[in-house]
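A closer look at the structure
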Amino acid sequence: MNVLSERMMSEKDDSEEDQELLVKTRPKTKKPPLYKVLLINDDYTPMEFVVMILERFFGLTHAQAFDIMITVHKKGLAVVGVFSYEVAETKVAQVMDCARQHQHPLQCTMEKE
Ligand code: TYC
C-alpha cells in the first residue's frame, strides 16, 4: 500500500472532523438561573391591598392582579412572576417593606426555578 492510500484509510474524512468540532467547541453560554416570586395567603391582609401591590410592583393590570390575588386566596400561594436573582430580590423587598409599612402580615418569598 502506498503512503497516500494509508493516510486515506487511517484518518477521518472532512465530514467526521466537522462533526467532532461541533461537539467539542461548545461555547460557554450558561443561562443565569431564574427565580419565582411567590405570594402567600393569610387571613388578614385586605384583598384590595394585595391587588394594589401586584399592580404597583409587578406591572399587572387590575384584572391580572385580581386573578392572581384570588388564586393565592383560594390555593394558599401563587407564582407572581419569574425574574433574575437581583430583580426577584428587589420585588420581594418592595412587597415586604410596603406590607410592613401598612402593618399587614403579607408574605412574599422567592425560590429558584
Ligand atoms: N386571604 C385574604 C383575605 O381574605 C386576602 C389575601 C390574598 C391575603 C392574597 C394575602 O397573598 C394574599 N382578606
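Residues numbered from 1 in each chain as written. Predicted model: local features only at pLDDT ≥ 70, side-chain atom pairs only at ≥ 80, totals over all residues. Heavy atoms only, no water.

What to know about the site of the ligand
As a matter of local geometry, the ligand sits amid Leu39, Ile40, Asn41, Asp42, Thr45, Met47, Val50, Met69, Val72, His73 and Leu106. Between a nitrogen atom of the ligand and a main-chain N or O atom of Thr45, the distance comes to 2.9 Å. Contact distances for the ligand include 2.9 Å between a nitrogen atom and a side-chain N or O atom of His73. For the shell around the ligand, the secondary-structure elements that each account for two or more residues are strand E1 (35-40), helix H3 (47-58) and helix H4 (62-75). The biggest single contributor to the shell around the ligand is H4, with three residues. Residue composition of the shell around the ligand, by class: seven nonpolar, three polar and one charged. (Near = heavy atom within 4 Å. Polar contact = N/O pair within 3.5 Å; in protein donor to acceptor, adjacent residues only side chain to side chain. Helix = DSSP H or I, 4+ residues; strand = E, 2+ residues; numbered from the N terminus. Nonpolar A, V, L, I, M, F, W, Y, C, P; charged D, E, K, R; others polar.)

A short note on the nonpolar core
Counting 25 residues, the largest nonpolar core has Leu39, Leu54, Phe58, Val95 and Leu106 as its most contacted members. Those elements that place two or more of their residues in this core are E1, H3, H4, strand E2 (77-83) and helix H5 (85-101). Those residues in contact with Leu106, other than ones at most four positions away along the chain, are Leu39, Ile40, Asp42, Thr45, Phe49, Val50, Ile53, Val95, Met96 and Ala99. (Core = buried A, V, L, I, M, F, W, Y, C linked by side-chain atoms within 4.5 Å. Buried < 20%, exposed > 50% of the residue type's maximum accessible area, 1.4 Å probe, protein only. Contact = heavy atoms within 4.5 Å.)

Description of the pattern of salt bridges
This model, assessed by the stated rule, comprises two salt bridges. Two residues, Glu111 and Lys36, come together in a salt bridge whose shortest N-O distance is 3.2 Å. Of this pair, Glu111 sits in strand E3 (residues 107-112) while Lys36 is found in strand E1, placing the two residues 75 residues apart along the sequence. What makes Glu111 partly exposed here is its relative accessible area of 38%. Of the charged contacts, one joins Asp97 and Arg100 as a salt bridge, the two residues approaching to 3.4 Å between their closest N and O atoms. Placement of both Asp97 and Arg100 in helix H5 is noted, with a separation of three residues, approximately one turn of the helix. Under the relative-accessibility criterion, Asp97 is labelled partly exposed at 36%. (Salt bridge = Lys/Arg side-chain N within 4 Å of Asp/Glu carboxyl O.)

Details of the pairing of E1
Pairing analysis gives six bridges linking E1 to E2, with the strands arranged antiparallel. Within E2, the residue paired with Leu38 across the bridge is Val79. (Pairing = 2+ DSSP bridges.)

Here's the deal with the environment of Ile70
On the secondary structure map, Ile70 appears in helix H4. Classification of Ile70 by relative accessible area gives partly exposed; the value is 21%. Sequence spacing of Ile70 and Met47 is 23 residues, and the spatial spacing of their C-alpha atoms is 8.3 Å.

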